[in-house]
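# Remarks on the overall topology
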Amino acid sequence: MIAEGEYFHIYNRGVDKRSIFEDEQDLRRFLMSMREFNTTVPVGGIYMASLKKRKESNLARHPIVSIVSYCLNKNHFHLILRPLTEKGGSLYMQRLCAGYTKYFNEKYSRSGALFQGKYKRVLIETNEQLLHVHAYVSVNDRAHRGLNPSWFDKVSFSSVGEYITNTTSNPLCEKAIILDQFSTIAKYNNFIESTLMDILERKKHQKDLSKICLE
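Notes on the structure in this doc start here. (Residues numbered from 1 in each chain as written. Predicted model: local features only at pLDDT ≥ 70, side-chain atom pairs only at ≥ 80, totals over all residues. Heavy atoms only, no water.)

## Structural notes on the packing of aromatic side chains
This model, assessed by the stated rule, comprises twelve aromatic pairs. Aromatic pair Phe 30 and Phe 77: ring centres 5.3 Å apart, planes at 40 degrees, arrangement tilted. Of this pair, Phe 30 sits in helix H1 (residues 24-36) while Phe 77 sits in strand S3 (residues 76-83), and the two are 47 residues apart along the sequence. Here the two residues Phe 30 and Phe 77 agree in accessibility, since each one is buried. Residues Tyr 100 and Phe 104 carry aromatic rings whose centres are separated by 6.0 Å and whose planes lie at 45 degrees to one another, so their mutual orientation is tilted. In this pair, Tyr 100 and Phe 104 both sit in helix H3 (residues 88-107), four residues apart, roughly one turn of the helix. Taken individually, Tyr 100 and Phe 104 each receive the classification buried, so the pair is uniform in this respect. Among the aromatic residues, those joined into a cluster by ring pairs are Phe 21, Phe 30, Phe 77, Tyr 100, Tyr 103, Phe 104, Tyr 108 and Phe 115. (Phe/Tyr/Trp six-rings, centres within 6.5 Å; stacked < 30°, edge-to-face > 60°. Helix = DSSP H or I, 4+ residues; strand = E, 2+ residues; numbered from the N terminus. Buried < 20%, exposed > 50% of the residue type's maximum accessible area, 1.4 Å probe, protein only.)

## Quick word on the environment of Leu 72
Relative to the assigned elements, Leu 72 resides in strand S2 (residues 65-72). What makes Leu 72 buried here is its relative accessible area of 0%. Here the alpha-carbon distance between Leu 72 and Leu 31, two residues 41 residues apart in the chain, equals 9.0 Å.

## Focus on helix H4 (residues 127-138)
The terminal C-alpha atoms of H4 lie 16 Å apart, and with twelve residues this matches the ideal 16 Å at 1.5 Å per residue to within 8%. Of the positions making up H4, those classed as buried are Leu 130, Leu 131, Val 133, His 134, Ala 135, Val 137 and Ser 138. (Expected span 1.5 Å × (residues − 1).)

## Focus on the pairing of S3
Among the eight residues in S3, seven count as buried, and that is most of the element. Strand direction decides the pairing type here: S2 and S3, joined by seven bridges, are antiparallel. Residue Ser 66 lies in a different strand from S3, and its bridge partner there is Arg 82. Counting the residues between successive antiparallel strands, the hairpin from S2 to S3 contains three residues. (Pairing = 2+ DSSP bridges.)

## Considerations on the packing of H1 against H3
Contact geometry for H1 and H3: axes closest at 10 Å, N-to-C directions at 150 degrees. In terms of axis orientation, H1 runs roughly antiparallel to H3. In the crossing of H1 with H3, the sense of the turn from one axis to the other is right-handed. Of H3, the residues touching H1 (which contributes Gln 25, Asp 26, Arg 29, Phe 30, Ser 33 and Met 34) are Tyr 92, Leu 96, Tyr 100, Tyr 103, Phe 104 and Lys 107. Here the residues of the contact of H1 with H3 are counted per class, giving seven nonpolar, two polar and three charged. (Axes fitted to C-alpha atoms, helices over the stretch in contact; angles between N-to-C directions. Parallel < 35°, antiparallel > 145°, perpendicular 65-115°, else oblique. Left-handed = near helix turned anticlockwise from the far one by under 90°. Contact = heavy atoms within 4.5 Å. Nonpolar A, V, L, I, M, F, W, Y, C, P; charged D, E, K, R; others polar.)

And the structure:
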C-alpha cells in the first residue's frame, strides 16, 4: 500500500519494454489523466470526469494525492506522489494506469496489458533522498536523449518546466516542498543541471568501461 502522508517514487514501463506513448497526443492524454483522476469524486473515465467538472465547476475537487514531480518517457514514466487520503495513492495509480490503458488500446486497436505488471514504488525516507529523486525524475527524459533519437527527443514532458518558470497556469505539481529549500530559482536550476551532468557522466563512464571489457 502507498501510505498516506509519505512520499513515494513510482514508476512503470511498457510490457516487453514497448512504447506507451506513440505521439504527442498520447503524452497529453496521460497528463490529462493525471489531473482528472486526482479527485475524491468517483470518475468513470476522462469524458465523464470532464462533464462532472463542468457541472460542478463551483465545487472544490479534493485531490487524493499531491504530485511532486513527473517525467514521461517513450516507454516508461516516473512520478513522485504523496497520498492525501487513506488508500489514495493506490486508488490514483489504479485509475491512472487502467484509464490510460483503455484509451491506448482503443486508439491502437489492441488488447491486453500495456504496462509491465503493477507499478513499482519506493518509499522516500529522508529530505535528502526526496531532493535527489526529484532531480533524477525531473531530468530523466533528457538523460535518455541521444540513445534512441526519434520524434520524442523534440518534446519534453517533465515537471521541471513548472519548477523553472514557476508561472505555469493550472500546474499539476505541489512545488513548495522542493522550491522552499532554494533561495532562488537559479539555485534550484543549478541543482537540477548538476544532477543531469552527473547522470550523463556516469552513463559515459559505464559505456567506456564496457568498451574496455570487450577489447
